Amino acid sequence: MVIKWKDEYSCYDPVIDAQHAKLIDLINEMNDVAKLVEDGIDSYDELVSIFNELKDYAVYHFSHEEKMFEEHGYDSFNIKVQKIEHDNFKNKVSAINIYDLDENQDETVRSILDFLSKWLDHHILKIDKKFGEFLRDKNE
Ligand SMILES: [Fe+2]
């Protein structure tokens, strides 16, 4: 599965939505490059650079969200859940050494894309949407 934007992903906040859309774009860009790699076209450096960009952008996005939680007085339990999610993602992603792929390169890249897509889908629908609803209800 490679994630695609759908309306259901809206968290009722244009900045958070734009950041999620950017993460989805980067995953799709990585998928396009993965296809070239599968076809035997040497695009490995590009793949690595998109992966690194995605990691950096995710960290930026998490810190933006974490600032918003404090600013809007999100409750401490949900902030804790969010921070655990963010830390798990950072740990998992930093454990991936994309340079260190074995002979099963295609399969490894596929599994990274699968992980990123599923993680982001869960992060948006189950974790951030809750914060979005909190913001929306607060502004009503
Ligand atoms: Fe998010």
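Residues numbered from 1 in each chain as written. Predicted model: local features only at pLDDT ≥ 70, side-chain atom pairs only at ≥ 80, totals over all residues. Heavy atoms only, no water.

With respect to the overall build of the protein chain
What the protein chain contains, in helices and strands, is four helices and zero strands. The helix and strand sequence of the protein chain, counted from the amino end, reads α-α-α-α. The dimensions of the protein chain, computed from C-alpha atoms along their principal axes, are 55 × 30 × 20 Å. For the protein chain, restricting intrachain contacts to residue pairs at least 6 apart in sequence, the fraction spanning at least 24 positions comes to 75%. (Helix = DSSP H or I, 4+ residues; strand = E, 2+ residues; numbered from the N terminus. Contact = heavy atoms within 4.5 Å.)

A look at the side chain of Asp121
Among the secondary structure elements, Asp121 is positioned in helix H4 (residues 105–139). Buried charge without a partner: Asp121 forms no salt bridge, and the closest opposite charge is Lys6, 4.1 Å away. (Buried < 20%, exposed > 50% of the residue type's maximum accessible area, 1.4 Å probe, protein only. Lys, Arg positive; Asp, Glu negative; His and termini not counted. Salt bridge = Lys/Arg side-chain N within 4 Å of Asp/Glu carboxyl O.)

Structural notes on unusual backbone geometry
Unlike most non-glycine residues, Tyr12 shows phi in positive territory, near 65°. Topologically, Tyr12 is positioned in the segment before helix H1 (14–38). Relative accessible area serves as the criterion here: at 38%, Tyr12 is assigned to the partly exposed category.

Considering the coordination of the iron ion
Under ideal tetrahedral coordination, the four donors around a metal are separated by 109.5 degrees; under ideal octahedral coordination, the six donors are separated by 90 or 180 degrees. In the first shell of the iron ion, the protein supplies His20 (NE2), His61 (NE2), Glu65 (OE), His123 (NE2) and Asp128 (OD), at 1.9 to 2.3 Å from the metal. The sequence pattern describing where the donors of the iron ion fall on their chain is H-x40-H-x3-E-x57-H-x4-D. A residue pair is termed long-range when its members are at least 10 positions apart, and Glu65 in helix H2 (residues 44–71) and Asp128 in helix H4 qualify at 63 residues. On the accessibility criterion, Asp128 (1% relative accessible area) is buried. (Donors = N, O, S within 2.8 Å, 3.2 Å for Na, K, Ca; no water.)

Some words on the packing of helix H3 (residues 76–95) against H4
Contact geometry of H3 with H4 gives a least axis separation of 11 Å together with a crossing angle of 165°. In terms of orientation, H3 lies roughly antiparallel with respect to H4. The two elements H3 and H4 meet at a crossing, and its hand is left-handed. Contacts between H3 and H4 involve Asn78, Val81, Gln82, Glu85, His86, Phe89, Lys92 and Val93 from the first element and Phe115, Leu116, Trp119, His122, His123, Ile127, Asp128, Lys130 and Phe131 from the second. Partitioning the contact of H3 with H4 into residue classes produces eight nonpolar, five polar and four charged. (Axes fitted to C-alpha atoms, helices over the stretch in contact; angles between N-to-C directions. Parallel < 35°, antiparallel > 145°, perpendicular 65-115°, else oblique. Left-handed = near helix turned anticlockwise from the far one by under 90°. Nonpolar A, V, L, I, M, F, W, Y, C, P; charged D, E, K, R; others polar.)

Observations regarding the pattern of salt bridges
A full pass over the atoms with the stated rule returns eight salt bridges. Residue Arg110 is joined to Glu38 by a salt bridge in which the shortest nitrogen-to-oxygen separation is 2.7 Å. With Arg110 in helix H4 and Glu38 in helix H1, this residue pair connects regions lying 72 residues apart in the sequence. Since its relative accessible area comes to 29%, Arg110 is described here as partly exposed. Its relative accessible area of 38% is what places Glu38 among the partly exposed residues. Note that Lys83 is salt-bridged to Glu70, the shortest N-O span being 3.9 Å. Of this pair, Lys83 sits in helix H3 while Glu70 sits in helix H2; the two residues are 13 residues apart in sequence, bridging distant segments of the chain.

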